[in-house]
Amino acid sequence: MRFSKGILALLCSALAVASGGAAASSPARTKPASPPPVATLSDKPLSERVVAYQIDARFDATRHTLDATEVLTYRNLTGKPQDTFPFHLYLNAFNPTSTFMKEERRDSSGFEWKDKYKASAEVKSLEVVGMGDLTSQLKFISPDDGNPDDRTVFQVKLPRPVAPNESVQFKIAFHDQFGEVVARTGYSQNFMMGAQWFPKVGVWWQGAWNCHQFHATTEFFADFGTYDVKLTVPQNEVVGASGVQVGEIKNSDGTKTLTFRGEDIHDFAWTAQPDYNVFESDFNGSMGKVKIRLLMQPGHTSQADRHMRIMQKTMKRFDEWYGPYPYKQITVVDPGDLRAGGMEYPMLITGATTWWMPDGLRLVEQAVEHEFGHQYWYAMVATNEFEDAWLDEGINSYVECKVLDDIFGKDKSAMDLWRITESDISQRRNGYRSALDFDPMARFAYQYINESSWGNVTYGKSATVLYTLEKVIGEETLKRALRTYFMRYRFRHPTKEDFLKTVEEVSGQNLRWFYDQAVYGTNVLDYEIFRAGSGRLDWYLQKPPEEKKGETRYRTMVLVHRKGDFIFPVDVLIKFDNGESVTEHWDGKDRWVRYSYDKKAMLISAEIDPEHAVLLDKNFFNNSYVREEDTAAKWKIVNYWTWVTQMLSQCLAWLA
Amino acid sequence: MPGLLREGFSRAWHYQRVLWFIFFISFVLSHFSTAPVTHKLEGSTGHSLHAQRLTNMFDYGSFSALSSDPEVKLFEVAGVSMSYSMVFLVIMLFLTGGILEAYRSGRRLTTREFFEACGSYFWRWVRLFLLMAIVLIPPLSLAYVVGDQSGDMMLNAAQEKTAFWILLAGLGVAGFLMMCIRLWFDMAQVRAVVEEETGMWRNAGRAFKITFGNFRSLFWMYFRISILGWLVFAIGLYVWAKMPPAHFRWTILILEITVLWGFWIRLWQRACEMTWYQRRVLASIAAPAPIPLAPPPNPLLTIIPPPPADTPR
């Protein structure tokens, strides 16, 4: 056992778990006493801890079922009496008539339903301590689309309200049937990912309950609290979970019961597989030592170093740039099925790799970096992923690009293979370019025109917008703004305006003009050099003198055109053949601007945004004009195209 | 048969102008097919500084941005290339008669003779092509099924290596079957030229018997040439990958050599098969006719001596 954080802490934690039943017997009017932190590096609670979950679950690895009891202690900090409580029951999304599956099918016509995907979570009983058994009061609701077949949200009405600052305890018995993994959760062979597996109460947010149905494009939103989870699994299973493990008992029936404690987290996920290979190392952060626990697939062990390297480098940059990672552990899972990969949970992330992944393809690094980033932008800064998906995915994608650029170099952060290179932000930007003007970033995730637009805007456009924002306020200022935002809103549920105002505050600038177009609007940014060239000033002479470099006077004109409806100030760099260059600054408010120069020199080139900082510009190729035509790029592509056609011809000619 | 590859090589080399002719047609047709690409790129890259990211390096992000630009949409014209490839297939069907006739005769045909042969065999090859297309359905289906199934398996870490090997084995089997079928139909073409066969169904049946009656030697002949082809192709790609992106004229040259080599390999295989078949025919002609053996003496029969020569008949 590598968990040696003090017997006292273990005892306190164990007592806390053991006292769950007793505590559940009477409603508490005061804030429960917090035991010393076990799972965090802080000596005091980091969040308000609205909820405390005590779950005792038994997993049947053969049937892929789970039977559990859950005691949820909810502190009513809403400031109002509450008598209705909504709960997520997201495992029910894996049914053909659910909203999730309807949307999945709508946006990917190739998606085929298979019975093995079917999963369910059934509440066997629900009792509210002091109010009796309310199982018969459970009612499934569909607040987002009214789908009567969707059973991913239920609510229960209590016979009497819970007063402000009072606590209420729900005792729930439930049964899960996992399906083969389709998205994020479920089994695949002997691999098991337990996510969204227990009834989880909604969030009182902005004066109302916020408990959305499970959608194809949405993730999660929940309150911070503590999790004491006992998980009974077969003894041969290697288990990873949110939180830290604080106990293990071997049972006589061939099972073992593992106890986990999570603090100041808002979800709990776990994974089990008998043949995980476990690797561990420590990261020395500014708050103390963090254990990195890596669970690798047997066929991927050669990539363990690769995973550890990117984790260390990523954590170092996050620690320096944005703030400390306050938990004692992070578990990195190399999932047994790619459909469970690339996902984040508090203190547990899943990566994505294959046995043959070449070093030059940074898919491993992109996945691991990105999912670790969510420990900051989701797990700690817990934004509403249904309504402000860009706040976690977008900011995280931007940060992913910055971190990978810093590690691998700007042009090679996504690919450096066979002399073909690609940057991470270039991938994100190309995603955005394919979904330019359907949906604003500020739209609810499940209201996008389709899954593709949601992905390309939420990840791609948001990252591109933040890169472009660097041009307005400076890279370092944006980094400071993100740090301020993180430190101010960690363990809280900020809104998009909280973020946007933080950036304005740190930069000292009014950025509404930018937000209105980039975040709330679907404006498209596209500038072009419409026309550029030099002509002799003495063009009207019948017999003009012979042209001489440095003596003949020319009039150079450059016409810059704003093709899109996004107004953005840009620089225009104009170079002349006598070595002179001029940088013009245009506010972009009109549709076009003309620059004119009379010089003893001709134009060499004109270029909008010479620093290539306005990444929102949808077309970089029309941003410049070079007087001397260079056909190299064209011929290179044409020649490769010729070769590919020849190869295709040769393959077909094999039939002759 | 000793020296078969060498003799096939010699025949193909002797008539190498057909190789250059095919390569030329392939290059010209492919180049024609790029006309819409050239047209689409002209406006975007010629005067753009950003285009240098495609020449001085190969920035996939910039290429992807360019190819998906609504004003360019490069891959929309992929159908044009496909059409030109189909035209090339028809041309190759046409030329095959002339090529095989040249290999059969062992001399340089006049242009007239060559194209007369092309014309006289064309419809026979079309019929064989249709027959072969039907025969190819099972191995192609196998490749599709294996690809589909292994694709699903590859999502699972416990099965991904198995899936890879299944895919490799499946494609290997499909490739092997396709090579056998090609060998068979090449034999049918050779036989049609040598035997002046016109009935293609009957011809395919007889070619089937010959091919699979001599399968080991024929397949070994094809296989060795194919391995050489793949080896040179792999070396070409390796050299291409190692060359700096800015030296694209040289990289194109390397890639064109791989195309030329591909055509050469195919012609060599055909020349070898023709040589093999002709040797076989020659062998059957040169061999003395079997002498009927005298029946063994039957003790139950009485041998009657022939009558004297002067006996009147």
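Residues numbered from 1 in each chain as written. Chains lettered and ligands numbered in written order. Predicted model: local features only at pLDDT ≥ 70, side-chain atom pairs only at ≥ 80, totals over all residues.

Student: Looking at this structure, how should I read the overall build of chain B?
Tutor: The helix and strand inventory of chain B stands at twelve helices and one strand. For 313 residues, the compact-globule formula gives about 20 Å, and the C-alpha radius of gyration of chain B, at 28 Å, lies well above that figure. Counting the 313 residues in chain B, one finds 32% classified as buried. Summarising the internal contacts of chain B: among those between residues at least 6 apart in sequence, 73% fall at separations of at least 24. (Helix = DSSP H or I, 4+ residues; strand = E, 2+ residues; numbered from the N terminus. Rg over C-alpha atoms; globule rule 2.2 N^0.38 Å. Buried ≥ 20, exposed ≤ 12 C-beta atoms within 10 Å, placed from the backbone. Contact = placed C-beta atoms within 7 Å.)

Student: I would appreciate a short explanation of the sheet that holds strand β24 (residues 415-417) of chain A in the present structure.
Tutor: Across a sheet, strands are paired by hydrogen bonds formed along the backbone, either parallel or antiparallel in direction. Pairing is mixed across the open sheet formed by three strands, whose spatial order is β24(A)-β25(A)-β1(B). Two strands bound the open sheet, and with one partner strand each, they are β24 of chain A together with β1 (58-59) of chain B. Both β24(A) and strand β25 (residues 420-422) of chain A contribute to a ladder of three bridges, which runs antiparallel. Looking across to β25(A), one finds that A:L417 is bridged to A:I420. (Pairing = 2+ DSSP bridges.)

Student: Even after reading the chapter, I still don't get unusual backbone geometry, so can you show me in this structure?
Tutor: Glycine aside, the phi torsion of most residues is negative, and most peptide linkages are trans. Even without being glycine, A:Q196 reaches a positive phi, approximately 50°. Secondary-structure assignment places A:Q196 in the loop between β10 (191-194) and β11 (200-201). The class of A:Q196 is buried, set by 26 C-beta atoms lying within 10 Å. In the Ramachandran plot, B:K73 falls in the positive-phi region, its phi being about 40° despite a non-glycine side chain. Its place among the elements puts B:K73 in the loop between α5 (60-68) and α6 (78-105).

Student: Which parts of the structure should I look at to understand the confidence of the model for chain B?
Tutor: As a note on interpretation, predicted positions should not be read in detail where pLDDT is low. Residue and element names in this part refer to chain B. Scored by pLDDT, chain B comes out at a mean of 88, with 90% of its residues at no less than 70. Across chain B, element-level confidence peaks in helix α7 (residues 111-135) with a mean pLDDT of 95 and bottoms out in β1 with 86. Confidence drops under pLDDT 50 across residues 299-304; counting only partners more than four residues distant or on other chains, this segment forms zero contacts. Taken as a whole, residues 309-313 scores under 50 in pLDDT and shows zero contacts with residues more than four places along the chain or in a different chain. Across the predicted assembly, pTM comes out at 0.86 and ipTM at 0.87. (pLDDT = per-residue confidence, 0-100.)

Student: Help me out: how do you make sense of the interface of chain B and chain A in this one?
Tutor: Accessible area lost upon the coming together of the parts is a frequently used measure of interface size. Every contact between the two is made by 59 residues of chain B and, on the other side, 58 residues of chain A. Sort the elements by how many residues they give to the side of chain B that touches chain A and α6(B) lands first, with nine residues. When its residues are assigned to classes, the side of chain B that touches chain A shows 30 nonpolar, 22 polar and seven charged. Examined bridge by bridge, β25(A) and β1(B) share two bridges and lie parallel to one another. Each residue of the ladder has a partner; that of A:I420, found in β1(B), is B:F58. (Nonpolar A, V, L, I, M, F, W, Y, C, P; charged D, E, K, R; others polar.)

Student: I keep staring at the nonpolar core and nothing clicks. Help me out?
Tutor: Soluble globular proteins tend to bury their nonpolar side chains together. In terms of nonpolar packing, the biggest core is built from 162 residues, with A:L72, A:L91, A:L231, A:A241, A:L466 and A:A606 touching the most fellow members. Setting aside its immediate chain neighbours within four residues, A:A606 contacts A:I529, A:A532, A:V558, A:V572, A:I574, A:S624 and A:Y625. Counting residues in hydrophobic clusters, the runner-up holds 49 residues, among them B:Y84, B:F88, B:Y121 and B:Y277. (Core = buried A, V, L, I, M, F, W, Y, C linked by C-beta atoms within 7 Å.)

Student: Sorry, what's going on with the domain arrangement of chain A here?
Tutor: Residues and elements named next belong to chain A. Domain boundaries assigned for chain A yield domain 1 (1-227), domain 2 (279-523) and domain 3 (527-630). Computed from C-alpha coordinates alone, the two centres of domain 1 and domain 2 are separated by 26 Å. Residue-level contacts link 31 residues of domain 1 with 26 residues of domain 2. Those elements that place two or more of their residues in the side of domain 1 that touches domain 2 are β10 and β12 (203-205). (Domains from an automatic or database assignment.)

Student: Teacher, can you tell me more about helix α1 (residues 4-14) of chain B here?
Tutor: In an α-helix, one turn spans 3.6 residues; hence positions three or four apart end up facing the same way. Listing the buried residues of α1(B) in full gives B:G8, B:R11 and B:A12. Projected down its long axis, α1(B) shows its buried positions confined to an angular sector of 95°, all on one face. (Arc of directions from axis to C-beta.)

Student: Where do I start with the domain arrangement of chain B in this structure?
Tutor: Residues and elements named next belong to chain B. According to the domain assignment, chain B contains domain 1 (12-128), domain 2 (136-213) and domain 3 (215-284). The centre of domain 1, based on its C-alpha atoms, is set 25 Å off from the matching centre of domain 2. Each side of the interface is counted separately: domain 1 has nine residues, and domain 2 has ten residues. Those elements giving two or more residues to the side of domain 1 that touches domain 2 turn out to be α6 and α7. For the side of domain 1 that touches domain 2, the element with the highest residue contribution is α7, accounting for five residues.

Student: What is the right way to look at the packing of helix α10 (residues 475-489) of chain A against helix α11 (residues 496-507) of chain A in this model?
Tutor: All names here are of chain A. For the pair α10 and α11, the least separation of the axes is 9 Å and the interaxial angle reads 130°. In terms of axis orientation, α10 runs oblique to α11. In this structure, α10 crosses over α11, and the sense of that crossing is right-handed. Across the interface between the two elements, T477, R480, A481, T484, Y485, R488 and Y489 of α10 pack against D498, F499, T502, V503, V506 and S507 of α11. The residue makeup of the contact of α10 with α11, split by class, is six nonpolar, four polar and three charged. (Axes fitted to C-alpha atoms, helices over the stretch in contact; angles between N-to-C directions. Parallel < 35°, antiparallel > 145°, perpendicular 65-115°, else oblique. Left-handed = near helix turned anticlockwise from the far one by under 90°.)

Student: Help me out: how do you make sense of the pairing of strand β14 (residues 225-234) of chain A in this one?
Tutor: Remark: a regular strand shows side chains that alternate across the two faces of the sheet. Residues and elements named next belong to chain A. The buried fraction of β14 is high, at eight of ten residues. Strand direction decides the pairing type here: strand β1 (residues 51-60) and β14, joined by eight bridges, are parallel. Its bridge partner being in β14, Y53 is matched across the sheet by Y227. Of the pairings in the sheet, the one linking β14 to strand β17 (residues 255-265) comprises ten bridges and is antiparallel in character. Directly across from G225, in β17, lies its bridge partner I265.

Student: Explain the sheet that holds strand β9 (residues 186-188) of chain A to me, please; I cannot follow it from the model alone.
Tutor: All names here are of chain A. Within the open sheet, the four strands sit side by side as β9-β10-β18-β15. Their pairing is antiparallel. Both edges of this open sheet fall to β9 and β15 (238-241), since each of them pairs with a single strand only. The sheet shows a mean angle of 10° between the axes of neighbouring strands, taken without regard to direction. Two elements, β9 and β10, share three bridges in a ladder whose sense is antiparallel. Bridge pairing in β10 places S188 opposite F191.

Student: Would you mind showing me how to read the pairing of strand β19 (residues 277-285) of chain A here?
Tutor: Residues and elements named next belong to chain A. Bridge count between β19 and strand β20 (residues 288-296): nine bridges; the pairing is antiparallel. Paired with S281 across the bridge in β20 is I292. Between β19 and β20, which pair antiparallel one after the other, the connecting turn spans two residues.

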